[in-house]
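# Working through the structure, step by step
So the chains spell out like this:
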Amino acid sequence: MSSDAARPVMPIVNPDTEPFWDGCAVGKLLLQRCTACGRVRHPPSPICPNCLSDAQDWRQASGRGSVYTFVVVHEERRGWERLVPYVLAVVELDEGVRIVTNLVNVAPKDVAIGMPVEVTFATSTDVVRLPLFQPLTRAAP
Ligand code: ZN
C-alpha cells in the first residue's frame, strides 16, 4: 500500500474546473453560467446541458443554501481516523444547483434536511481549497 492511501483523495483540477478552484483559493464560491440561455450549472462542464452552447462565464454565488441530503460517516478508514464521524452532504445552493460537500462546525446529530447553511473554506496546504458548509450564521440580505 502506498503512502498516498493514508491521505484523503483530493479533486483533480482540469481546464473546465480550474476557475472554480481558483475562486475557492481566494474564498469565493464561483458558479459557471451559460451566457446563451442564462442557466447556472455545477459541476462545471464545457457545454451547457440545457442549450448545448459553449458560451459561459463565472459568477460569484451567494454562498448560501440548504441541506438537500446527508449521511454521517462513522467508518474509520486508514488516514481518516481523526475525521470520523463526519457529515457528507449534498447542499442545494440558492442559485438552484447542488454541490457535494462536507458539513462542518455542527454536531452530526444536529444536522437536518432543509437546514440553512453557508459556505466556508477549508484551510489547506493541498492543491485545492475545498468549499465546506456550516450552519447559517448571518441573515440573508
Ligand atoms: Zn445554455
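Look above for the structure.
All of the points below concern the structure found in this document. Everything numeric here is computed off the predicted structure, so don't read it as measured data.

## Re the pairing of strand E1 (residues 30–34)
Within E1, five of the five residues are buried, which leaves the element mostly enclosed by the surrounding structure. The alternating pattern of E1 places Leu-30, Gln-32 and Cys-34 on one face and Leu-31 and Arg-33 on the opposite face, and all of these are buried. Bridge count for E1 against strand E3 (residues 56–60) is five bridges, and the pairing is antiparallel. Bridged to Gln-32 within E3 is Trp-58. By the bridge criterion, two bridges tie E1 to strand E2 (residues 40–41) in an arrangement that is antiparallel. Bridge pairing in E2 links Arg-33 to Val-40. Hairpin connection between E1 and E2: a loop of five residues separates the two successive antiparallel strands, and Gly-38 in this loop has a positive phi of roughly 90°.

## Description of helix H1 (residues 18–25)
Buried residues of H1: Phe-20, Trp-21, Gly-23 and Cys-24, and no others. Looking straight down H1, one finds its buried side chains confined to an arc of 155°; they lie on one side. Looking at the buried side of H1, the elements it contacts are E1, E3, strand E6 (98–103), strand E7 (116–121) and strand E8 (131–135). Immediately downstream of H1, the backbone of Gly-27 shows phi near 75°, a positive value.

## Topic: the sheet that holds E1
Within a sheet, each strand pairs with its neighbour through backbone hydrogen bonds, oriented either parallel or antiparallel. The three strands are arranged E2-E1-E3 in an open sheet whose pairing can be described as antiparallel. Unpaired on one side and paired on the other, E2 and E3 mark the two borders of the sheet.

## Topic: the environment of Leu-88
For Leu-88, the location among the structural elements is in strand E5 (residues 86–93). Among the residues examined, Leu-88 registers a relative accessible area of 35% and is labelled partly exposed. The spatial distance from the C-alpha of Leu-88 to the C-alpha of Leu-103 is 6.6 Å, given a sequence separation of 15 residues. Filtering out sequence-adjacent residues up to four positions away, Leu-88 remains in contact with Phe-70, Val-71, Val-73, Val-100, Thr-101 and Asn-102.

## Focus on the coordination of the zinc ion
Distances from the zinc ion to its protein donors, namely Cys-34 (SG), Cys-37 (SG), Cys-48 (SG) and Cys-51 (SG), fall within the range 2.3 to 2.4 Å. Because the angles between the four donor atoms bound to the zinc ion fall within 103 to 117°, the donor set is best described as tetrahedral. Counting along the primary sequence, the residues that act as donors to the zinc ion give the motif C-x2-C-x10-C-x2-C. With Cys-37 in the loop between E1 and E2 and Cys-51 in the loop between E2 and E3, the pair connects residues that are 14 residues apart, well separated along the chain. Using a relative accessible area of 35% as the deciding quantity, one classes Cys-37 as partly exposed.

## Notes on the nonpolar core
By size, the foremost hydrophobic cluster in this structure holds 21 residues, and its most contacted members are Leu-29, Val-91, Leu-93, Ile-99, Leu-103, Val-117 and Phe-133. For this core, the secondary structure elements donating two or more residues are H1, E5, E6 and E7. Tallying contributions element by element places E5 first for this core, with four residues. Looking at this core, you find at least three residues from each of domain 1 (12–60) and domain 2 (62–141).

Definitions and cut-offs
- Residues numbered from 1 in each chain as written.
- Predicted model: local features only at pLDDT ≥ 70, side-chain atom pairs only at ≥ 80, totals over all residues.
- Heavy atoms only, no water.
- Buried < 20%, exposed > 50% of the residue type's maximum accessible area, 1.4 Å probe, protein only.
- Helix = DSSP H or I, 4+ residues; strand = E, 2+ residues; numbered from the N terminus.
- Pairing = 2+ DSSP bridges.
- Arc of directions from axis to C-beta.
- Contact = heavy atoms within 4.5 Å.
- Donors = N, O, S within 2.8 Å, 3.2 Å for Na, K, Ca; no water.
- Tetrahedral: all angles 85-135°; square planar, octahedral: opposite > 155°, others 65-115°.
- Core = buried A, V, L, I, M, F, W, Y, C linked by side-chain atoms within 4.5 Å.
- Domains from an automatic or database assignment.

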